[in-house]
Amino acid sequence: MNTSDIGSNITFSEWNDEITRSLIPNIIVLSVYLVLGICGNFIVLLVYGFQFKEPSEERYFIPVLATFDMTATLYLAVNYIFQCFNQVTFSNNFGCKTLVFITGLATTNPVFILVIIAVQRYMKICVPFKQSMSILMKRMALVLTNVVSLLYAMPLPFVYGSVPYRSVRYGISGMRCGRLREGHAFMSNLHAIVACVLVFVIVITLTILYGRIGYTVFRNLEMKKRFTRDEKNIETNSEGVSTEVRDDGMSATTDKTSNLSQDKYDGQRPIETNEKPTASKKRRKHIARN
């Protein structure tokens, strides 16, 4: 379609520029998202590449997630910024289908990896005595993630393409990349159903797993605090006096000798005396030693 065609004294280029100016806030947000996403994920990769040099099973998926997320951030932000500048001049149908297909792959891969990380953390925290994920299981999980993402993205080229867009104000029509209104109704409905089911399942799964993880961590912290408090309840000093710390913060001091049995002292407590030994007692002790 010739971009120099005129309708109501406006060209397609002018019409496209007008729409682009109205989308400047979107472009700014996408640009910020692009910079933050790339910088954040790049820092994660640097930290895990140079700070944590030794392999760890807990951190296995984090660099993978950062890589997929940085790729998705770069592609999606650039793609949508490009479409903001070509709102009524996107006439390449094959290019539109290709962009949408890659969008499906880039969007779903990080989400499925988040689910795998949640499962791994659940197994590590909530069922610590069972065998955790092996390297083979982790690699198979990543392969499964790519396969599911591919299956999700396959119907997208049949659902999206270059569609006409008409301006009621100017009385002219352009082409934009969007959802097809005609043809492939089955694929369109199938994709909508699958997308809704996936969103529902992923949200419920993450909620349940992290809910269980949070409950287990909170319970363990409470048990640790209770154990520490019980250890400090009774502190015994070197003089045989025990200090009991009560829950209200007050302390009660008792003498341990008061708990001795009555038989040992014939019902009486031992009486301390300040009587000094006499000379006769000293002689008897000396004779006894000899």
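All figures in this text were calculated on a predicted structure; none of them were measured in a lab.

Reading guide: rules and limits
- Residues numbered from 1 in each chain as written.
- Predicted model: local features only at pLDDT ≥ 70, side-chain atom pairs only at ≥ 80, totals over all residues.
- Heavy atoms only, no water.
- Phe/Tyr/Trp six-rings, centres within 6.5 Å; stacked < 30°, edge-to-face > 60°.
- Buried < 20%, exposed > 50% of the residue type's maximum accessible area, 1.4 Å probe, protein only.
- Lys NZ or Arg CZ within 6 Å of the ring centre and 35° of its normal.
- Patch = residues over 30% accessible without salt bridge, like charges linked within 9 Å, V, L, I, M, F, W, Y side chains within 5 Å.
- Areas by Shrake-Rupley, 256 points an atom, 1.4 Å probe, with all protein chains shown as cover.
- Salt bridge = Lys/Arg side-chain N within 4 Å of Asp/Glu carboxyl O.
- Helix = DSSP H or I, 4+ residues; strand = E, 2+ residues; numbered from the N terminus.
- UniProt positions renumbered as here; feature names shortened; annotations may be inferred.
- Polar contact = N/O pair within 3.5 Å; in protein donor to acceptor, adjacent residues only side chain to side chain.
- pLDDT = per-residue confidence, 0-100.
- Contact = heavy atoms within 4.5 Å.
- Axes fitted to C-alpha atoms, helices over the stretch in contact; angles between N-to-C directions.
- Parallel < 35°, antiparallel > 145°, perpendicular 65-115°, else oblique.
- Left-handed = near helix turned anticlockwise from the far one by under 90°.
- Nonpolar A, V, L, I, M, F, W, Y, C, P; charged D, E, K, R; others polar.
- 1 Å grid on protein atoms, 1.4 Å probe; cavity = no way out; pocket = protein on both sides within 12 Å on 5 of 7 lines; lining within 4 Å.
- Points joined across faces, edges and corners; volume = space filled by probe spheres on them.
- Disulfide = S-S within 2.5 Å.
- Pairing = 2+ DSSP bridges.

## With respect to the packing of aromatic side chains
Aromatic rings in a pair are described by how distant their centres are and how their planes are angled relative to each other. Summed over all chains, the structure comprises three aromatic pairs. Between the aromatic rings of Phe-82 and Phe-90, the centroid separation amounts to 5.8 Å while the plane-to-plane angle is 80°, which identifies the pairing as edge-to-face. According to the relative accessible area criterion, Phe-82 is partly exposed, its value standing at 41%. The ring centre of Tyr-165 lies 4.2 Å from the NZ or CZ of Arg-176, which sits over that ring.

## Thoughts on a nonpolar patch on the surface
Together, Ile-193, Val-197, Phe-200, Val-201, Ile-204 and Ile-208 line one region of the surface with nonpolar side chains, adding up to about 570 Å² of accessible area. Along the chain, the position of Ile-193 falls in helix 7 (residues 185–231). Residue class for Ile-193 comes out exposed when judged on its relative accessible area of 54%.

## Describing the UniProt feature "transmembrane region" (unreviewed entry) in the protein
The sites that UniProt annotates as "transmembrane region" (unreviewed entry) are residues 23–48, 60–78, 98–119, 140–160 and 190–215. With 96% helix and 0% strand, residues 23–48 has end C-alpha atoms that lie 37 Å from one another. Helix makes up 95% of residues 60–78 and strand 0%. Its end C-alpha atoms lie 29 Å apart.

## Quick look at the side chain of Ser-188
Relative to the elements of secondary structure, Ser-188 occurs in helix 7. At a separation of 2.9 Å, a polar atom in the side chain of Ser-188 contacts the side chain of Arg-179.

## Comments concerning the confidence of the model for the protein
Of all residues in the protein, 74% have pLDDT values of 70 or greater, and the mean over the chain is 78. Counting interchain partners and residues more than four positions distant, the pLDDT-below-50 stretch residues 237–242 has 13 contacts.

## Some details on the packing of helix 2 (residues 24–51) against helix 3 (residues 61–84)
Two elements in contact, helix 2 and helix 3, have axes whose closest approach is 9 Å; the angle formed by their N-to-C orientations is 160°. Taken together, the axes of helix 2 and helix 3 lie roughly antiparallel to each other. Crossing handedness for the pair helix 2 and helix 3: left-handed. The residue inventory of the contact of helix 2 with helix 3, partitioned by class, reads 19 nonpolar, five polar and one charged.

## Here we look at the layout of surface pockets
The volume enclosed by the largest pocket comes to roughly 400 Å³. Secondary structure elements with two or more residues in the lining of the largest pocket: helix 3, helix 4 (93–125), strand 4 (172–179) and helix 7. Broken down by element, the residue count for the lining of the largest pocket peaks at eight residues, all from helix 4. Taken together, the residues of the lining of the largest pocket break down into 13 nonpolar, eight polar and no charged.

## Considering the state of the cysteines
In the structure shown here, the tally under the stated rule is one disulfide. In this model, Cys-96 is linked to Cys-177 through a disulfide, with the two sulfur atoms separated by 1.8 Å. Its S-S torsion of about 75° marks the bond between Cys-96 and Cys-177 as right-handed, since a negative value means left-handed. Here the residue Cys-96 occupies a position in helix 4, and Cys-177 occupies one in strand 4, the gap between them amounting to 81 residues. Note on accessibility: Cys-96 and Cys-177 belong to one class, buried.

## Points about the pairing of strand 3 (residues 160–167)
Here strand 3 pairs with strand 4 via eight bridges, running antiparallel. Pairing of Ser-167 across the sheet is with Ile-172, part of strand 4.

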